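Here is how the chains run, residue by residue.
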Amino acid sequence: MRNPLSKTIEEIKPSGIRKFFDIVSEMKDAISLGVGEPDFDTPWHIREEGIYSLEKGRTFYTSNAGLKELKIEICRYLKRRFDLEYNYEDETLVTVGGSEAIDAAMRVMIDPGDEVLIPEPCYVSYLPCVQLAYGVPVGIPLQEKNQFKLTKQEVLDNITEKTKILVLPFPNNPTGAVMTKEDLQEIAEVCVEKDIFVLSDEIYAELTYGQRHTSIASLPGMRERTIVINGFSKSYAMTGWRLGYATGPSEIIKQMIKVHQFAIMCAPTTSQYAAIEALRNGDADVERMSTAYDQRRRFLVESFKRMGLECFEPFGAFYVFPSIQKFGMSSEEFATRLLQEQKVAVVPGTAFGDSGEGFLRISYAYSIDNLKIALVRIEEFIKTLEK
Amino acid sequence: MKEKILNAIAKNSKISKEDLAIMLGYDEIRIEQEIKEMEEEGIICGYPTLINWDNVNCEKVTALIEVKVTPQRGQGFEKIAERIYKFDEVETVYLMSGGFDLTVMIVGKNMQEISNFVWNKLAPLESVTSTATYFVLKKYKEHGLALVNGVSEDERMLITP
C-alpha cells in the first residue's frame, strides 16, 4: 500500500505539551500549574445569553464571516479599547478561536518557500500552521536579558529576501512578556522599510498589568500590513466556546473568509450570541478578572524571589517564566522530577520552542489558596536540590 | 488604595495582611494602617463569617418583616429604626422606598420565637402602624456568595498550551 500521509504532515512534530500531558494525567493527586486557560467560569450574564439564544431556537448557521451585530460590536470594542478602526463589513472575520484565525491567515498569505519569522518561546501553533501552508518557519530565540521582548536587531538579523510575515505574539504565552508602544515602534519601522506583514496575536491584550496594551496595527503605516487576531477565550474566560476573530485589510480578510467558508462554514452560533453580550456588558468582568490575575502574579513573583527561583517580572498574560538554569538540569528533567517528587505539574519551557530551555512556564490561572499549596511544594523541591 | 483593599477583602476577610501587601503591591505596615483607619472611620464595621446554618444541626428560623411606621417629628425614621435594630434578634434593618418603610430581618430558634418578637416587641412600638411577616424557606446566596455544598471541582485539563 502507498503511504497514506503527506510529507508535510509527517514533518510536523506532535506538540511537546502533549507528551507532558500524558505523564501528568497518570498521576492522580497532582496539583497542576500547567493550564493555559482561565480558572474563572464565563460570567453568568454571558452564559445566560447563550442559553437564551438556544431557547429562542437560534440553532442555525450564521453568515460565513459571523453575525453582523457581533462584527459591529467587535469593531466598536477594538476602537474603544485599542484605538483600532476596522470596518465590520469586509475587514472583520469571526473564527473558531484565535487558532483558526492563525491558520487561515497563514494559508492566504504564504506561497511555498516564504519565510515567516516566529519569536520563540511562543504558543505552539504558529510553527505547524506555517508548515501546513508550505511556508518556512524561522524561529527568533528571544532573550531573558531583554525580558523576552523582540528587538529591532533580532528582526533585522533574521530577515532574508524570502521573509514575508512576522508573527508578533504579545502579551506572550509562555513568558508573560509585553511590548510597549516604544518597543513596537522600532519593529514597525523595520516592517514598513522591509515590506513585511505582521500577524499580531493579541489574545491576551486585556491581561496586562500596570500598563495598557498597544496594538502594532495602531502605529503609522502598520494597519495596511497587519492582521490582528483576538478572541474571547482569555479576556472573558470563554475558552470552551471556541470564539475568536481576525481584523485587517479587506484584501486579506476577504481571502480568509474564503478559507473559513469552505473549511468551517461559520463559528458556533450560540457562542456568537453570547459574545455579543460579552462585548456589550462585559467590561466590568474583564476588569475584575484582570485585577485578580495581577494579585496572583505579584504573589508568585514575590514567592519565587523569596525562595531563590530567578524570575523576570512578567507584565502580561497569566504566566511566569522562572529560570532553572542554576540547578544544572534541563527543563524537562526539572519538570518531571518536580512532578514525581512533589506532585506539582508545570510545563517545561521547551514545549514552546528550543529557546525555552532552562525555563518553566507556571500558570497563575489558579486561586491564591491553590497557588499557596503548590508553592510550598516547589520550595520543598528546591531545598532538596540545593542540599 | 482604600478601595483596592476593600475590594480585596470584601469577599474574604480571612486574607492575611502579609498576603494582601504582596497582592496589592504595598508594604505591610501601610496596609495595616489603612485598615486600622478604616475601622476607626466606620468604613469597615466588622468581620462576620458567612455560615450556611442549614448544614448545621441546630434549628434557626429567619423571617423578613415589612414594617410601616409613622416618622417622628424632627427625627424622621432614625429614632424608630434605632429602637428596632437594637434588639439582639434583629439581623438587618433597611429603610425602603415604596409600599412600606422598613425591612427588618430577624433570626430565632423557631416560629414561636419570631412571632413572640413581632407580637410583643415590634408591633406594640408606638410608631409602628403595621407589620407583615414572611418566613425564609431557603437561602441560596448571601453577601455575593452562593451557599452551596462543598468546593466545585476544577474540571480543566491538567496541562494545556
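Here, every reference points to the structure presented above.
Just so it is clear, the model here is predicted, and its values are computed rather than measured. Numbers given for residues are sequential positions, taken from 1 along each chain in its written order. Throughout, the order in which chains and ligands are written sets their labels, letters from A for the former and numbers from 1 for the latter. Reporting of local features is limited, given that this is a predicted model, to residues whose pLDDT is at least 70; pairs of side-chain atoms are given and counted only at 80 or more, and all residues count toward the totals for whole chains, interfaces and linings. The basis for the side-chain values is all heavy atoms of the structure; hydrogens and waters are excluded.

Colleague: Can you help me understand the state of the cysteines in this one?
Modeller: By definition, a disulfide links the sulfur atoms of two cysteine residues through a covalent bond. All names here are of chain A. Counting rule for disulfides: a pair of cysteine sulfur atoms within 2.5 Å. Applying the stated criterion across every chain yields a total of zero disulfides over all chains. Take Cys 129: it sits in no disulfide, and the sulfur closest to it among the cysteines is that of Cys 122, at 11 Å. Only protein chains enter the accessibility calculation, which uses a 1.4 Å probe; a residue is then buried when its area is under 20% of its type maximum, exposed when over 50%, and partly exposed in between. The exposure class assigned to Cys 129 is buried, which follows from its relative accessible area of 9%.

Colleague: Teacher, can you tell me more about the side chain of A:Thr163 here?
Modeller: All names here are of chain A. Think of it this way: any DSSP run of H or I at least four residues long counts as a helix, any run of E at least two long counts as a strand, and we number them from the N terminus. Its place among the elements puts Thr 163 in strand β5 (residues 163-168). Throughout this description, a polar contact denotes any pair of N or O atoms lying within 3.5 Å of each other; where both atoms belong to protein, one of them has to be capable of donating a hydrogen while the other can accept it, and for residues adjacent in sequence the pair is counted only when both atoms sit in side chains. Here the side chain of Thr 163 touches Thr 160 through a polar contact of 2.8 Å, landing on its backbone nitrogen. Contact definition: two residues touch when any of their heavy atoms are within 4.5 Å. Those residues within four positions of Thr 163 in sequence are excluded, and the remaining contacts are Glu 115, Leu 117, Asn 158 and Ile 196.

Colleague: Sorry if this is basic, but what is going on with the pattern of salt bridges here?
Modeller: When the charged atoms of two side chains with opposite charge come close together, those side chains can pair. All names here are of chain A. The term salt bridge refers to a pairing of a side-chain nitrogen on Lys or Arg with a carboxyl oxygen on Asp or Glu at a separation within 4 Å. Using the criterion set out here, one finds 32 salt bridges over all chains in the structure. Note that Asp 183 and Lys 149 form a salt bridge whose closest N and O atoms lie 2.8 Å from each other. Here Asp 183 is found in helix α8 (residues 181-194), whereas its partner Lys 149 is found in the loop between β4 (136-141) and α7 (152-158), with 34 residues between them in sequence. Here Asp 183 matches Lys 149 in class, with each residue buried. Its salt-bridge partner being Glu 379, residue Arg 306 comes within 3.7 Å of it at the nearest N-O pair.

Colleague: How should I be thinking about the nonpolar core in this particular structure?
Modeller: Considering soluble globular proteins, one finds that nonpolar side chains tend to be buried as a cluster. Formed by 68 residues in total, the largest nonpolar core has its most connected members in A:Leu33, A:Tyr293, A:Phe304, A:Phe334, A:Ile362, A:Ile378 and B:Leu20. A:Leu70, A:Met238, A:Trp241 and A:Ala275 belong to the second largest nonpolar core, which has 28 residues in total. The set of buried Ala, Val, Leu, Ile, Met, Phe, Trp, Tyr and Cys residues whose side-chain atoms join them within 4.5 Å is what this entry labels a nonpolar core.

Colleague: I keep staring at the interface of chain A and chain B and nothing clicks. Help me out?
Modeller: Think of interface size as the accessible area that goes away when the parts come together; that is how it is often given. Facing 30 residues of chain A, the contacting portion of chain B comprises 13 residues. Taking both partners together, chain A and chain B bury about 1700 Å²; carbon and sulfur atoms supply 63% of that area. Linking chain A with chain B are one salt bridge. The salt bridge involving B:Asp19 is made with A:Lys372; its shortest N-O contact spans 2.2 Å. Applying the counting rule to chain A against chain B returns eleven residue pairs in polar contact (both at pLDDT 80 or more). Broken down by class, the residue content of the side of chain A that touches chain B amounts to 17 nonpolar, six polar and seven charged. Accessible area that two parts lose when put together, evaluated with a 1.4 Å probe and summed over both, is termed the buried area. Here the term charged refers only to Asp, Glu, Lys and Arg, the term nonpolar to Ala, Val, Leu, Ile, Met, Phe, Trp, Tyr, Cys and Pro, and the term polar to all other amino acids, Gly among them.

Colleague: Help me out: how do you make sense of the pairing of strand β1 (residues 61-69) of chain B in this one?
Modeller: The side chains of a regular strand alternate, first on one face of the sheet and then on the other. Residue and element names in this part refer to chain B. Across seven bridges, the pairing between β1 and strand β3 (residues 102-108) is antiparallel. Looking across to β3, one finds that Ile 65 is bridged to Val 104. In short, DSSP must find at least two bridges between two strands for them to pair. Here seven bridges tie β1 to strand β4 (residues 128-135), and the two strands are oriented antiparallel to one another. By the bridge assignment, Glu 66 is partnered in β4 with Ala 132.

Colleague: It is not clear to me how the sheet that holds strand β11 (residues 347-348) of chain A should be interpreted in this structure. Could you clarify?
Modeller: Sheets are built from strands that pair by backbone hydrogen bonding, the pairs being arranged parallel or antiparallel. All names here are of chain A. Strand order in this open sheet of three strands is β9-β12-β11, and the pairing throughout is antiparallel. Taken across any chain shown, the strands that pair with only one partner, and hence form the sheet edges, are β9 (319-320) and β11. For β9 and strand β12 (residues 360-363), the ladder comprises two bridges, and the chain directions are antiparallel. Considered in β12, the bridge of Tyr 319 is made with Ser 363.

Colleague: Looking at this model, I keep getting lost on a nonpolar patch on the surface. Mind explaining?
Modeller: Without a salt bridge and with relative accessible area above 30%, a residue can belong to a patch; like charges are then joined within 9 Å and nonpolar side chains (Val, Leu, Ile, Met, Phe, Trp, Tyr) within 5 Å. Surface accessibility in these figures is a Shrake-Rupley result with a 1.4 Å probe; residues are shielded only by whichever protein chains are displayed. A surface patch of nonpolar side chains, about 250 Å² in accessible area, is lined by A:Leu5, A:Ile9 and A:Leu132. As for its position among the elements, A:Leu5 is in the segment before α1 (7-11).

Colleague: How should I be thinking about the environment of B:Asn120 in this particular structure?
Modeller: Residue and element names in this part refer to chain B. Examined against the element boundaries, Asn 120 turns out to sit in helix α5 (residues 111-122). Look at Asn 120 and you get exposed, because its relative accessible area is 53%. It is 20 Å that separates the C-alpha atoms of Asn 120 and Asp 101, two residues lying 19 residues apart in sequence.

Colleague: Sorry, what's going on with unusual backbone geometry here?
Modeller: Residues and elements named next belong to chain A. That bond from Phe 170 to Pro 171 is cis: its omega, -5°, falls within 30 degrees of zero. Mapped onto the secondary structure, Pro 171 falls in the loop between β5 and α8. Of note, the amide linkage connecting Asn 173 to Pro 174 takes the cis form, showing an omega dihedral of 20°. Following the sequence through the fold, Pro 174 ends up in the loop between β5 and α8. At Phe 148, a residue that is not glycine, the phi angle is positive and equals roughly 60°.

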